[in-house]
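Each chain is listed here by its residues.
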Amino acid sequence: MDAIPARPARIQDVAAAAGVSVSTVSNVLNRPERVNAQTAERVRTAIAALDYVPHPGAAGLRTGRACAIGLVLPDVTNSFYARIARGAADAAYGHGYSLVLCHSGDAPEREQGYFSMLVEQRAVGVVVVPLSADPGRLARLRERGIPLVLADRAMPDRDGCSASVDDIAGGRIAVQHLLDSGARDILVVNGERGIRQCADRYQGARQAVRSRREAHLDQVVAEQMSVAYGKKIADGLDAVPDGVFCTNDFLAAGVCRGLTERGVRIPDDVQVVGYGDLDIASFGATTLTTVRQPVEDLGRAAVEMLLDEIEARAEHAHETRVFAPGLVLRASTRPPSAHHAPLTGTDKRCRFPAP
């Protein structure tokens, strides 16, 4: 027999070691009466040598038994992630699965710990919502041998499925609206550029400004994407721009609070656009114009793709789903000039063959 592989053994490994087809291995596991005794013994020997554990998802689909899906979130208290969880829970429930919620705090060690628990508890797969995950970190999670789908971040098609929002289009939509509403000196209040979404939203903002020669774009980075840090940035501005794009609604709410306390009128003196259309955007003295993301759709799509991978196996094609953002107009900006058409994003769906 071959040596036990470093990653968890797959049914294909057992078939290769025993010199039989995958369907024969499946029959030994589930319909042993269909396989002659000598072949069945060879398969069982391969299973023991490789320490193969049949995938619980496939078994659950055959027996009708409900199984669990893991959902790893960086912050369960954030309404954005809560909405992803709601979409994922709806999809899981609709297919007879329960959802196990795991709060990682975006800590790699804690993510690894949750993956170990989920593997031990025989979860059928995991949806991961990373914040600042690097490729190596995600690769280590995939090595655990459990199907993984990313939500709110695109994954290379060779590695698996993902569901994300076109954040470049979102940043472009936000700043285009400020330009169309008369702003020319625009400040981007951003999160850490190491966060992919923040980098993409800033890239979109730059694309919009390049279309107007008279426009100017500056950027300030907040240490945390929170109301407190948004207010801190507004308090420290030496000169107030006529347009502010915040890559997060919490930052935008803080900027509005800080500017208002300084006597700056919104939207008369400065227009502010947020991002996310979180609950905070529709509350407060000045409601926020913001970029809406189809957040629940991210959770639903991630679970649907995960279950398709489990059910289809060899026929599964990895899928990258990119959802379009849209602008929600509220009191923090002025209406655009009549001669400017509103800018919207475009849904994109691409399919790739499974590796």
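Since this is a predicted model, take the numbers as computed values, not measurements.

Undergrad: Any details on the overall build of the protein chain? Residues and values, ideally.
TA: Along the backbone of the protein chain there are twelve helices and 13 strands. Split into buried and exposed, the 355 residues of the protein chain put 51% on the buried side. Partitioning the intrachain contacts of the protein chain with sequence separation of at least 6 by distance along the chain shows that 73% fall at a separation of at least 24. A total accessible area of about 16200 Å² is found for the protein chain, and carbon and sulfur atoms account for 51% of it.

Undergrad: Pulling in residues and values, what's your account of unusual backbone geometry?
TA: A cis amide bond links I266 to the next residue, P267, at an omega of 10°. Position of P267 among the secondary structure elements: in the loop between helix 11 (249–261) and strand 9 (271–276). With a phi angle near 60°, D106 is a residue other than glycine that sits in the positive phi range. Relative to the helices and strands, D106 is located in the loop between strand 2 (98–103) and helix 6 (108–120). Positive phi, close to 70°, is recorded for D152, a residue that is not glycine. Take D152: it is sitting in the loop between strand 4 (148–151) and strand 5 (162–165).

Undergrad: Account for the side chain of S181, with residues named and values stated.
TA: Along the chain, the position of S181 falls in the loop between helix 8 (167–180) and strand 6 (185–190). Those residues in contact with S181 that sit more than four places away from it in its chain are Q271, R334, P335 and P336.

Undergrad: A description of the pattern of salt bridges should follow, citing residues and the corresponding values.
TA: Taken as a whole and judged by the stated rule, the model has 13 salt bridges. Across the salt bridge formed by D180 and R212, the nearest N and O atoms sit 2.8 Å from each other. Within this pair, whereas D180 is found in helix 8, its partner R212 is found in the loop between helix 9 (196–210) and strand 7 (216–221), the two being separated by 32 residues in sequence. Across the pair, R212 and D180 agree in class, each one buried.

Undergrad: Give me the nonpolar core: which residues, what numbers.
TA: Side chains that are nonpolar tend, in soluble globular proteins, to be buried together. Counting 51 residues, the largest nonpolar core has I69, V175, F245 and V303 as its most contacted members. The biggest single contributor to this core is helix 12 (residues 295–312), with nine residues. Listed in part, the 20 residues of the second largest apolar core include V244, V264, V272 and A281.

Undergrad: Pulling in residues and values, what's your account of the environment of R196?
TA: If you trace the backbone, R196 turns up in helix 9. Between the alpha carbons of R196 and P130 there is a distance of 9.9 Å; along the sequence they are 66 residues apart. Side chain to side chain, R196 and D200 meet in a polar contact 2.9 Å long.

Undergrad: Give a detailed account of the pairing of strand 3 (residues 125–128), specifying residues and quantitative values.
TA: The side chains of a regular strand alternate, residue by residue, between the two faces of the sheet. Along strand 3, one buried face is formed by G125 and V127 and the opposite face, lined by V126 and V128, is buried too. Bridging between strand 1 (residues 68–73) and strand 3 involves four bridges; their strand directions are parallel. Looking across to strand 3, one finds that L71 is bridged to V127. Summarising the sheet, strand 3 and strand 4 pair through three bridges and their orientation is parallel. When the sheet's bridge partners are listed, V126 is paired in strand 4 with L148.

Undergrad: Quick rundown of the confidence of the model for the protein chain? Include the residues and the values.
TA: Interpreting fine coordinate detail is not advised for predicted regions of low pLDDT. Per-residue confidence for the protein chain averages 85 on the pLDDT scale, and 85% of its residues sit at or above 70. Segment residues 1–5 is flagged for pLDDT under 50; beyond a separation of four residues in sequence, or across chains, it makes ten contacts in the model. Segment residues 338–355 is flagged for pLDDT under 50; beyond a separation of four residues in sequence, or across chains, it makes 38 contacts in the model.

The rules behind each value
Residues numbered from 1 in each chain as written. Predicted model: local features only at pLDDT ≥ 70, side-chain atom pairs only at ≥ 80, totals over all residues. Heavy atoms only, no water. Helix = DSSP H or I, 4+ residues; strand = E, 2+ residues; numbered from the N terminus. Buried < 20%, exposed > 50% of the residue type's maximum accessible area, 1.4 Å probe, protein only. Contact = heavy atoms within 4.5 Å. Areas by Shrake-Rupley, 256 points an atom, 1.4 Å probe, with all protein chains shown as cover. Salt bridge = Lys/Arg side-chain N within 4 Å of Asp/Glu carboxyl O. Core = buried A, V, L, I, M, F, W, Y, C linked by side-chain atoms within 4.5 Å. Polar contact = N/O pair within 3.5 Å; in protein donor to acceptor, adjacent residues only side chain to side chain. Pairing = 2+ DSSP bridges. pLDDT = per-residue confidence, 0-100.

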